[in-house]
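What follows is the residue order along each chain.
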Amino acid sequence: MLSITSLVQLAAFLTAAAAVPTGTDTAKRATCTVNSVASAANLSGCTAVVITAFTVPAGSTLTLAAASGATITQTGDITFAKTTTAGPLITFDTDNVVYNGGDHNINSFRQGLLKRRYRGTKETTLNRFKGYGTFKDVTVLNSPAQAISVGTTGTTVISGITVDNSAGDAGSLGHNTDGFDISASDVTLSGNVVKNQDDCVAINSGSTIVIESMTCSGGHGISIGSIATGKTVSGVTIAHNTITNGLYGLRIKVDADATSGGVSGVTYDGNTISGITEYGVLITQSYPDNDSTPGTGAPISGINFTGSTTSVSVGSSAYTLVVDCGACSGTWNFADLNATGGKGHIIASNKATISGGTY
C-alpha cells in the first residue's frame, strides 16, 4: 500500500508530466532561425521564422515552407552567389503566411558579377510566391530573369515591394526581367515599385486580380498575357498606377496561335502613363507581333476605361492606341481614356464596339 507521502509524490509527478508539451506542440510553437540553406530545410513545424543575413552558395536554392499561419520576418539581406541553377532561386511556400521583408534585400549576385550574371543565368526566376497570404516590404535586386512569380493558391496581398533591375540597363544586359508574373486568382498588388527592362506586371492567367498604385519605369508597362492556349484572365482592375519611360504603357496580348482561353472583364481606372516610345495602349491578338494578322481562338471582351481618367502621353513615333482584333466582342467603354501625342491610333476591333475616349 502506498504511503501518503508516496501518493503526494506520484500526483506531483503526473501533474508535471501533463504540463510538459509534446514534441509536436513544442515544434508548433517554435521560433526558427534561417541563416543558411541547411537551416531552412525543415520549417514545417515553425510558426515564426526569422531570416538573418546570409549568402546562398552557387548551385543551391532556398525554400521557405513553414507551418500554416506562420510569420516570416527578414532581418538581413539574402544574397545569391552567381549560379546557372534553374530557378526559382527562392520559393515561399507557406499557407496563410505573413511575410515581412523588413526593408531588406534579396539580391541575386555578389558585387562585381553583374555582367556575367545577366549573360550566364538570364532565364532564372529569382522568387516564387506559393501558398498564400501577405508579402511586403522587401527589395528584390538584379533578378537574372523574372523577379517574382506569383503562383499562390488563396487570397494574397503583395505590397511595398521594390523590384530594382535598373543595373540591367547598362549595355542592355537585362532581358526578360518581368517584375511580377501572375498565374493565380484573388491577388492584389498594391504600392509596389518596378524598375526593369520588360513587363512591370504580366498577368498570364487567373481571376479577381487588382493591380493598384504601382510605379513602373523603364520597361514594357502593365500587361495581360501573353495568353497562351487554354489560359484565361478575367475580372481584372488596373487602377491608379504610374508608368513612365518605357516601350509600352498598357497591353493585352493574346498569342496569335492560341486555340482556346481568352480575356474578359478588364477595367482601367485613373492610370498615368508618359514617356512611351512605341504603344501607349495595345490590345492585340497577333502576339508576338504587335499589329499583324490576329488569331481568333482566344476571344477578348469587356475592356473598359472608366472611373477616373487614364492619361497616356506618347513620343512622336509611337501610337496612342492600337486595337488588333480577330475575335473581340461587346461594347467597350473608353470614356475615361485620354491618350495624346505620336502618330495617332489604329482600330481594328472586329465585333467589339468602342465608345468614348480621346486617342
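Everything here concerns the structure above.
Read on for a plain summary of the structure. Model, not experiment: these values are computed from the prediction.

## Some remarks on the overall build of the protein chain
Right, on to step 1. Scanning the protein chain for helices and strands turns up three helices and 32 strands.
Right, on to step 2. Burial statistics for the protein chain: of 359 residues in total, 47% are counted as buried.
Right, on to step 3. Once local pairs closer than 6 in sequence are excluded, the contacts in the protein chain between residues at least 24 apart make up 65%.
Right, on to step 4. For the protein chain, the exposed area adds up to about 14,400 Å²; of that, 50% sits on carbon and sulfur atoms.

## Section: the pairing of strand β1 (residues 31-34)
Right, on to step 1. Of the two faces of β1, only one is covered, namely that formed by Cys32 and Val34; the face formed by Thr31 and Thr33 stays uncovered.
Right, on to step 2. Where β1 meets strand β2 (residues 48-51), four bridges bridge the pair, whose relative direction is parallel. Following the sheet pairing, Thr31 is matched in β2 by Ala48.

## Section: the nonpolar core
Right, on to step 1. Grouped together as the largest cluster of nonpolar side chains are 81 residues, with contacts concentrated most on Phe180, Ile224 and Trp332.
Right, on to step 2. When residues in this core are grouped by element, the largest group, four residues, is from strand β17 (residues 201-212).
Right, on to step 3. Setting aside its immediate chain neighbours within four residues, Phe180 contacts Ile148, Val150, Ile158, Ile161, Val163, Leu189, Asn192, Val194, Cys200, Val201, Ala202 and Met214.

## A look at the state of the cysteines
Right, on to step 1. Across all of its chains, the model carries three disulfides by this definition.
Right, on to step 2. The side chain of Cys200 participates in a disulfide bridge whose partner is Cys216; the two sulfur atoms lie 2.1 Å from each other. Measuring the twist about the S-S bond at about -55°, one finds the Cys200-Cys216 disulfide to be left-handed. Residue Cys200 is located in the loop between β16 (193-195) and β17, and its partner Cys216 is located in strand β18 (residues 215-217); the two are separated by 16 residues in the primary sequence.
Right, on to step 3. Cys325 shares a disulfide with Cys328; S-S distance 2.0 Å. Disulfide Cys325-Cys328: torsion about the S-S bond near -80°, hence left-handed.
Right, on to step 4. On the accessibility criterion, Cys325 (8% relative accessible area) is buried.

## Overview of the pattern of salt bridges
Right, on to step 1. Counted under the stated rule, the structure contains three salt bridges.
Right, on to step 2. Measuring nitrogen to oxygen at the nearest pair gives 3.9 Å for the salt bridge that ties Lys130 to Asp93. You can see Lys130 sitting in the loop between β9 (127-129) and β10 (133-141) and its partner Asp93 sitting in the loop between β7 (90-92) and β8 (97-107), a full 37 residues away along the chain.
Right, on to step 3. Look at Asp93 and you get partly exposed, because its relative accessible area is 30%.
Right, on to step 4. In this structure, Asp199 engages Lys253 in a salt bridge whose closest nitrogen and oxygen atoms are separated by 3.0 Å. One end of the pair, Asp199, is in the loop between β16 and β17; the other, Lys253, is in strand β22 (residues 248-255), and 54 residues separate them in sequence.

Scoring rules and cut-offs
- Residues numbered from 1 in each chain as written.
- Predicted model: local features only at pLDDT ≥ 70, side-chain atom pairs only at ≥ 80, totals over all residues.
- Heavy atoms only, no water.
- Helix = DSSP H or I, 4+ residues; strand = E, 2+ residues; numbered from the N terminus.
- Buried < 20%, exposed > 50% of the residue type's maximum accessible area, 1.4 Å probe, protein only.
- Contact = heavy atoms within 4.5 Å.
- Areas by Shrake-Rupley, 256 points an atom, 1.4 Å probe, with all protein chains shown as cover.
- Pairing = 2+ DSSP bridges.
- Core = buried A, V, L, I, M, F, W, Y, C linked by side-chain atoms within 4.5 Å.
- Disulfide = S-S within 2.5 Å.
- Salt bridge = Lys/Arg side-chain N within 4 Å of Asp/Glu carboxyl O.

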